[in-house]
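Descriptive structure summary
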Amino acid sequence: MSTTLPVKLCGFLAGPDQPFFLIAGPCVVESEELAIESAGRLKEITTRLNIPFIYKSSFDKANRTSAKSFRGLGLEEGLRILELVKKTLQVPILTDVHEDTPLDEVASVVDVFQTPAFLCRQTNFIRKVASFNLPVNLKKGQFLAPWDMKNVVEKARSTGNETILVCERGASFGYNNLVSDMRSLGILKETNCPVVFDATHSVQLPGGQGEASGGQREFIPLLARAAIAVGVSGIFIETHPNPDKALSDGPNSWPLGEMERLLETLKSLDEVVKRGRD
């Protein structure tokens, strides 16, 4: 039985006994038009379904497969667009930060920091990010056992920040492949943090296209449903109006036009799983 207490996250309660929340948006900020379109559509859907929603997009993706890959529009333009989305649509914003990110500038715009999976072992980085006292979504490294996330959480909480999320995004399974172990979601609950499942990066095939990562987006609904059945606190889904033309992580992005149907299913499952817990 989880002892995780709900935490206040962007105006709603997040925890294993609360309705699941959604983190969603395009992988990177490609344009102002795409950001407004995707955030607006996601807000419409989640408002109708009464699903707490945080918009996600990155102004810079530092961990691309190739130096030729699109990384985003950069700090200044990326933050301008994220701030516009926040003010125009009144939605909270989550974005990735890295070791060289000017965190004070980003913190003035976004509501939630996200630490990349590859950096989960970087002690100074984790502590610095958590010290801003914004909610932090800690992504578990593809190379890390789920029980080892307790150490990452302890580093973050040593700053006094208690609004910490832990996020599963699959584990390396041979070359260019990831596998999602649903046992991990139960083990991550032992951190006493709300657990988020990243249903899209979990189907990524890292470096699978040589100079870019591939993905198996057809398995996104399957894994999302399984994670909801485990009783996670949140679901992370990267989505794009046209994933085949997305500038980053298209092969493991879910089509924006199919999000509503998927979320309807997830909400129904979540209500069954958590029935009687409130």
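This structure is a prediction, so every number in the text was calculated from the model and none was measured.

The subject of this paragraph is the overall build of the protein. A tally of regular secondary structure across the protein gives eight helices and 15 strands. A compact globule built from 278 residues should have a C-alpha radius of gyration of about 19 Å, and the protein, at 17 Å, falls within 12% of that. Each principal axis of the C-alpha atoms in the protein carries an extent, and together these give about 45 × 45 × 40 Å. Within the protein, buried positions represent 54% of all 278 residues. Put simply, 70% of the contacts in the protein that link residues at least 6 apart link residues at least 24 apart. Summed over its atoms, the accessible surface of the protein is roughly 11,900 Å², and 50% of this surface lies on carbon and sulfur atoms. Taking the 31 positively charged and 34 negatively charged side chains of the protein as two groups, their mean positions are separated by 4 Å.

Bringing the side chain of K155 into the picture now. By the secondary structure assignment, K155 is in helix α5 (residues 149–157). One buried charged side chain, K155, makes no salt bridge at all; its nearest oppositely charged neighbour is E154, positioned 8.8 Å away. Within the structure, the side chain of K155 is placed 2.8 Å from the side chain of T123, a separation counted as a polar contact.

Before going further, it helps to examine the packing of helix α4 (residues 123–130) against α5. The N-to-C vectors of α4 and α5 enclose an angle of 50 degrees; their axes lie 8 Å apart at closest approach. Here α4 is positioned oblique relative to α5, judged by the angle of their axes. Crossing geometry of α4 relative to α5 is assigned as right-handed. On α5, the residues that touch T123, I126, R127 and A130 of α4 are V152, K155 and A156.

Among the nonpolar cores identified, the biggest contains 63 residues, and Y55 and M259 are the most heavily contacted of them. Judged by nonpolar contacts, the second largest core, of 13 residues, contains V7, L9, I54 and C167.

So, on to the environment of D244. Looking at the secondary structure, you find D244 in the loop between β14 (234–240) and β15 (254–255). With a relative accessible area of 65%, D244 lands in the exposed category. Residues D244 and L49, spaced 195 residues apart in sequence, show a C-alpha to C-alpha distance of 27 Å. A polar atom in the side chain of D244 sits 3.1 Å from the side chain of R217.

In this structure the tally under the stated criterion is three aromatic pairs. Ring centres 5.9 Å apart and planes at 80 degrees place the aromatic pair F113 and F132 in the edge-to-face group. Here the residue F113 occupies a position in strand β6 (residues 112–115), and F132 occupies one in the loop between α4 and β7 (136–139), the gap between them amounting to 19 residues. Judged by relative accessible area, which is 0%, F113 ranks as buried. For F132, a relative accessible area of 32% translates into the label partly exposed. The ring of F236 is capped by K139, whose NZ or CZ atom sits 4.4 Å from the centre of that ring.

So, on to the side chain of H201. When you line up the elements, H201 lands in the loop between β11 (195–198) and β12 (204–205). According to the relative accessible area criterion, H201 is buried, its value standing at 5%. Not counting chain neighbours up to four residues away, the residues in contact with H201 comprise K139, R169, L178, F236, E238, D249 and N252.

This part covers the packing of helix α1 (residues 32–49) against helix α8 (residues 259–274). Their axes nearest at 10 Å, the elements α1 and α8 cross at an angle of 30 degrees. For the element pair α1 / α8, the angle class is roughly parallel. Handedness of the α1/α8 crossing: right-handed. Within the contact between the two elements, α1 uses R41, L42, I45, T46, R48 and L49 and α8 uses M259, E260, L263, E264 and K267. Among the residues making up the contact of α1 with α8, the classes are represented as five nonpolar, one polar and five charged.

Basis of the calculations
- Residues numbered from 1 in each chain as written.
- Predicted model: local features only at pLDDT ≥ 70, side-chain atom pairs only at ≥ 80, totals over all residues.
- Heavy atoms only, no water.
- Helix = DSSP H or I, 4+ residues; strand = E, 2+ residues; numbered from the N terminus.
- Rg over C-alpha atoms; globule rule 2.2 N^0.38 Å.
- Buried < 20%, exposed > 50% of the residue type's maximum accessible area, 1.4 Å probe, protein only.
- Contact = heavy atoms within 4.5 Å.
- Areas by Shrake-Rupley, 256 points an atom, 1.4 Å probe, with all protein chains shown as cover.
- Lys, Arg positive; Asp, Glu negative; His and termini not counted.
- Charge placed at Lys NZ, Arg CZ, Asp CG, Glu CD.
- Salt bridge = Lys/Arg side-chain N within 4 Å of Asp/Glu carboxyl O.
- Polar contact = N/O pair within 3.5 Å; in protein donor to acceptor, adjacent residues only side chain to side chain.
- Axes fitted to C-alpha atoms, helices over the stretch in contact; angles between N-to-C directions.
- Parallel < 35°, antiparallel > 145°, perpendicular 65-115°, else oblique.
- Left-handed = near helix turned anticlockwise from the far one by under 90°.
- Core = buried A, V, L, I, M, F, W, Y, C linked by side-chain atoms within 4.5 Å.
- Phe/Tyr/Trp six-rings, centres within 6.5 Å; stacked < 30°, edge-to-face > 60°.
- Lys NZ or Arg CZ within 6 Å of the ring centre and 35° of its normal.
- Nonpolar A, V, L, I, M, F, W, Y, C, P; charged D, E, K, R; others polar.

Purely spatial values, then, with no claim about function.
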